[in-house]
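# Coordinate inspection notes
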Amino acid sequence: MIDLSTTLPIAFIALVVERLVGYPRFLLKRIGHPVEWMGGLVSFLDRRLNRHSEKRWGGRVRGTIAVLVLMLIVLAITVPISFALRHYEGGWIVEALLASSFLAQVDLRRYVEAVAEGLEKGGVEQGRIAVSHIVGRDPSPLDESGIVRAALESLAENTSDAIVAPAIWLALFGLPGIIIYKAINTADSMIGHKTERYQNFGWAAARLDDLVNLPCSRLTGFLIAGATSLTSPSRGAAAFEYMLRDAKRHFSPNAGWPEAALAGALEVRLGGPRFYEGVKVDLPWMGRGRHVLAAWHIREGLKLQARTLNLFTILIALGAMFSP
């Protein structure tokens, strides 16, 4: 049963704590990150269950079993922990601190900011190295504009996938909600690829990830447009316009919403052709703004993202204050 009077304050505290301190480095060195543990489990299931030469439906069944096993293990661990914490005074604060580990405001900003710094201090070569840590496309053909577009697209998409979506599932279902979301998201990032090995085995992970991100990607787009409107109503209107017009052109059912909104807000063009493993993929353009971009556009994108997260956190706080 959903108890918003408890889960909304948990989401608010988690957002604030993670934005201020991130995931503690001493914990990362000593025990790693919980998402890495999930990744280890996904790798184990991949090795044991994936027969990539198997026919279509056989591979899909095995992949579905892998995702179900992953989710059952995660629920078996997190539901008792959450249930126990709710029975102790102040236990919800501990739940919020645990949940903050599954948000990525600090890391996302750090990695995207590194792209701007790379371009500013080391030029295109350093920019390519920095952007290769946050995108899957081949960075070698990218010029400065291509690097900036890749960074902005990653910023937009991951604001949804790594911050807004997990926080929403936390706000709805507490610790089990955010961890189930991250388990699905991790599985998709590892096996949800359209390669020979994962075309069938990763089908369930990819489709489930699309489903759990469906409402959150739309919300992120509206948050970006809304945050833009607070300082520039005309740009905010453009963000709404391009989001509603261009989001559906993206090959992903979700990524286009925050990316098109950001394109309109910054008055730039995102999308366009790129290379994956040497294969050119022609994606449609989003937005009608500048196509020659520079590092300062990343800086502007980061400022807008900060305002977007401020708006989102305030809305969560208001929900916590007025929840029955």
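Our structure is the block above this text.
Residues numbered from 1 in each chain as written. Predicted model: local features only at pLDDT ≥ 70, side-chain atom pairs only at ≥ 80, totals over all residues. Heavy atoms only, no water.

### Observations regarding the environment of serine 234
Put simply, the test is: Strands here mean DSSP runs of E at least two residues long; helices mean DSSP runs of H or I at least four residues long; both are numbered from the N terminus.
Structurally, serine 234 is set in helix α9 (residues 233-246). Expressed as a C-alpha distance, the spacing of serine 234 and glycine 264, which sit 30 residues apart in the sequence, is 10.0 Å.

### Looking at the packing of helix α10 (residues 256-266) against helix α11 (residues 295-322)
Just so we agree on the cut-off: Here the axes come from fitting lines to C-alpha atoms, over the contacting stretch only for helices, and the angles between their N-to-C directions go from 0 to 180 degrees. The cut-offs work like this: below 35 degrees is roughly parallel, past 145 is roughly antiparallel, 65 to 115 is roughly perpendicular, and the gaps in between are oblique. The hand of a helix crossing depends on one turn: near helix anticlockwise from the far one by less than a right angle means left-handed, and clockwise means right-handed. Any two residues whose heavy atoms approach within 4.5 Å are treated as being in contact. Here the term charged refers only to Asp, Glu, Lys and Arg, the term nonpolar to Ala, Val, Leu, Ile, Met, Phe, Trp, Tyr, Cys and Pro, and the term polar to all other amino acids, Gly among them.
Interaxial distance between α10 and α11 falls to 11 Å at its minimum, and their mutual angle equals 115 degrees. Taken together, the axis directions place α10 and α11 in an arrangement best described as roughly perpendicular. For the crossing formed where α10 meets α11, the hand is right-handed. Here Leu262, Ala265 and Leu266 of α10 come into contact with α11, specifically with His297, Glu300, Gly301 and Leu304. Within the contact of α10 with α11, the residues separate by chemical class into 4 nonpolar, 2 polar and 1 charged.

### Some remarks on α9
Applied cut-off: To estimate how far a helix should reach, multiply one less than its number of residues by 1.5 Å. Think of it in three bands: with a 1.4 Å probe and only protein chains considered, a residue is buried below 20% of the maximum accessible area for its type, exposed above 50%, and partly exposed in between.
A rise of 1.5 Å per residue sets the reference length of α9, with its 14 residues, at 20 Å; its end C-alpha atoms lie 20 Å apart and thus fit the reference within 8%. Along α9, the positions that sit buried rather than exposed are Gly236, Ala238, Ala239, Tyr242, Met243, Arg245 and Asp246. Tucked inside the fold, the buried residues of α9 contact α8 (203-231), α10 and β4 (285-286).

### Regarding α8
Put simply, the rule reads: We define the bend at any residue as the angle between the axes fitted to the seven residues before and including it, ending there, and the seven starting there.
A rise of 1.5 Å per residue sets the reference length of α8, with its 29 residues, at 42 Å; its end C-alpha atoms lie 42 Å apart and thus fit the reference within 8%. Bending of α8 peaks at approximately 45 degrees at the position of asparagine 213, with proline proline 215 no more than four residues after it.

### A short note on a nonpolar patch on the surface
Note the cut-off: Residues enter patches when they are more than 30% accessible in relative terms and free of salt bridges; like-charged ones are connected within 9 Å and nonpolar ones (Val, Leu, Ile, Met, Phe, Trp, Tyr) within 5 Å. Every accessible area reported is derived by Shrake-Rupley at a probe size of 1.4 Å, with residue values counting cover from the shown protein chains alone. Take a side-chain nitrogen of Lys or Arg and a carboxyl oxygen of Asp or Glu: if they are within 4 Å of each other, that pair is a salt bridge.
The grouping of Ile73, Ile77, Ile81, Val94 and Leu98 at the surface amounts to a nonpolar patch, some 380 Å² of accessible area in total. Of all the elements in the fold, those that place two or more residues in the nonpolar patch are α4 (56-85) and α5 (91-99). On the secondary structure map, isoleucine 81 appears in helix α4. On the accessibility criterion, isoleucine 81 (36% relative accessible area) is partly exposed.

### With respect to the side chain of threonine 313
Take threonine 313: it is sitting in helix α11. Taking relative accessible area as the criterion, threonine 313 reaches 11% and is therefore assigned buried. Excluding its chain neighbours within four sequence positions, the residues that come into contact with threonine 313 are Phe12, Leu15 and Val16.

### Re the packing of α8 against α11
Two numbers describe how α8 lies on α11: the axes approach to 9 Å, and their chain directions differ by 105 degrees. Here α8 is positioned roughly perpendicular relative to α11, judged by the angle of their axes. Across from Leu219, Leu223, Ile224, Gly226, Ala227, Thr228 and Thr231 in α8, the residues of α11 making contact are Leu304, Arg307, Thr308, Leu311, Phe312 and Leu315. A class-by-class count of the residues in the contact of α8 with α11 yields 8 nonpolar, 4 polar and 1 charged.

### Here we look at the side chain of threonine 78
Among the secondary structure elements, threonine 78 is positioned in helix α4. Assessed through its relative accessible area of 5%, threonine 78 is described here as buried. Apart from residues no more than four positions distant in its own chain, threonine 78 is found in contact with Pro176 and Ile179.

### Some thoughts on the pattern of salt bridges
As enumerated under the stated definition, the model contains 14 salt bridges in all. Salt-bridge contacts for arginine 110 lead to aspartate 107; the nearest nitrogen and oxygen are separated by 2.5 Å. Of this pair, arginine 110 and aspartate 107 are both found in helix α6 (residues 105-131), 3 residues apart, which corresponds to roughly one turn of the helix. Taking the relative accessible area as the measure of exposure, aspartate 107 reaches 32% and is therefore partly exposed. The closest approach of N and O atoms between glutamate 153 and arginine 274, which form a salt bridge, is 3.1 Å. Highlighted residues: glutamate 153 in helix α7 (residues 144-191) and arginine 274 in strand β2 (residues 274-276), separated in sequence by 121 residues. Connected through shared salt-bridge partners, Glu113, Glu120 and Arg299 make up one network.

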